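Inside the fold
One letter stands for each residue in the lines below.
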Amino acid sequence: MVKKYVVPVDGSEHSLRALDYAAKLARQNGNRILLVNVQPLFDTYNTHRVFTNEEIEAQQEKAANEAIALADDHLKSVSVSVETRKMVGKIAPAICEAADEEEVEGIIMGSRGRGALRGAILGSISYSVLHSAKVPVTIVP
């Protein structure tokens, strides 16, 4: 049975470095990569006062497509099997959920993403996934 690595991508340099590392491991082990992009819910009173649900969904779809296209482009010269999954929700729990549902070998992710909130050493998403995942998590600086 071919195993997979979950690689969350958001278009940041950190996620692309994690993707490079995951691609190297996947080639060595004959594993696949599952690119996961999670868009935040934007489910607030003020958001809904300004934007329709359709506008929010369109923006989420656009952002997810851009991040995945960048990752796909980044992997063009690498011969590794890739699947993609777009999700909407709380980011860290969604990444862990994807890993649980797909029975993956592990999660390989960047130490920080594009989010405005950053921790002193690890980003808040990386930190949360590291402590919540049921599979090994590799944090790539």
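Described in the following lines is the structure provided in the data block.

**Focus: unusual backbone geometry**
- Here Phe42, not a glycine, exhibits a phi torsion of approximately 55°, which is positive.
- Turning to its location among the elements, Phe42 is positioned in the loop between β2 (32-39) and α2 (45-50).
- Here Phe42 falls in the partly exposed class, since its relative accessible area comes to 40%.
- One non-glycine residue, Glu103, lies in the positive phi region at around 50°.
- The exposure class assigned to Glu103 is exposed, which follows from its relative accessible area of 54%.

**Here's the deal with the pattern of salt bridges**
- Inspection of every chain in the model, using the stated rule, returns 10 salt bridges.
- The closest approach of N and O atoms between Glu61 and Lys86, which form a salt bridge, is 2.6 Å. With a gap of 25 residues between them, Glu61 in helix α3 (residues 53-74) and Lys86 in strand β3 (residues 82-88) connect regions that are remote in the sequence.
- Notably, a salt bridge pairs Arg85 with Glu102, separated by 3.7 Å at the nearest N-O pair. Taken together, the residues span a long stretch of sequence, with Arg85 in strand β3 and Glu102 in helix α4 (residues 91-102) at a distance of 17 residues.
- Its relative accessible area of 19% is what places Arg85 among the buried residues.
- Look at the salt bridges and you will find they share partners, linking Lys4, Arg32, Glu83, Arg85, Glu101 and Glu102 into a network.

**Points about the sheet that holds strand β5 (residues 137-140)**
- If you walk across this open sheet you meet the 5 strands as β3-β2-β1-β4-β5, and the pairing is parallel. Two strands in the sheet have a free side with no partner beyond their single neighbour: β3 and β5. Adjacent strand axes in the sheet meet at a mean angle of 25°, parallel and antiparallel pairs treated alike.

**Topic: the packing of helix α1 (residues 13-29) against α3**
- Between α1 and α3, the least distance of the axes is 11 Å, while the angle of their chain directions is 40°. Considering their axes alone, α1 and α3 lie oblique with respect to each other. In this structure, the crossing between α1 and α3 has a hand that is right-handed. In this structure, α1 contributes Leu16, Leu19 and Asp20 to the contact, and α3 contributes Leu70, Ala71 and His74.
- Taken together, the residues of the contact of α1 with α3 break down into 4 nonpolar, 1 polar and 1 charged.

**As for the side chain of Asn37**
- Within the secondary structure, Asn37 sits in strand β2.
- One polar contact links the side chain of Asn37 to the main-chain carbonyl oxygen of Val9, over a distance of 2.8 Å.
- Apart from the residues within four sequence positions on either side, Asn37 is in contact with Val9, Asp10, Ala64, Ala67, Ile68, Arg85, Lys86 and Met87.

**Quick notes on the pairing of β2**
- Burial runs high along β2: 7 of the 8 residues are buried.
- Relative to β2, strand β1 (residues 4-8) runs parallel, the two sharing 5 bridges. Paired with Tyr5 across the strands is Ile33, a residue of β2.
- Bridge count for β2 against β3 is 7 bridges, and the pairing is parallel. In the sheet register, Leu35 faces β3, and the bridge partner there is Thr84.

Reading the values: rules and limits
Residues numbered from 1 in each chain as written. Predicted model: local features only at pLDDT ≥ 70, side-chain atom pairs only at ≥ 80, totals over all residues. Heavy atoms only, no water. Helix = DSSP H or I, 4+ residues; strand = E, 2+ residues; numbered from the N terminus. Buried < 20%, exposed > 50% of the residue type's maximum accessible area, 1.4 Å probe, protein only. Salt bridge = Lys/Arg side-chain N within 4 Å of Asp/Glu carboxyl O. Pairing = 2+ DSSP bridges. Axes fitted to C-alpha atoms, helices over the stretch in contact; angles between N-to-C directions. Parallel < 35°, antiparallel > 145°, perpendicular 65-115°, else oblique. Left-handed = near helix turned anticlockwise from the far one by under 90°. Contact = heavy atoms within 4.5 Å. Nonpolar A, V, L, I, M, F, W, Y, C, P; charged D, E, K, R; others polar. Polar contact = N/O pair within 3.5 Å; in protein donor to acceptor, adjacent residues only side chain to side chain.

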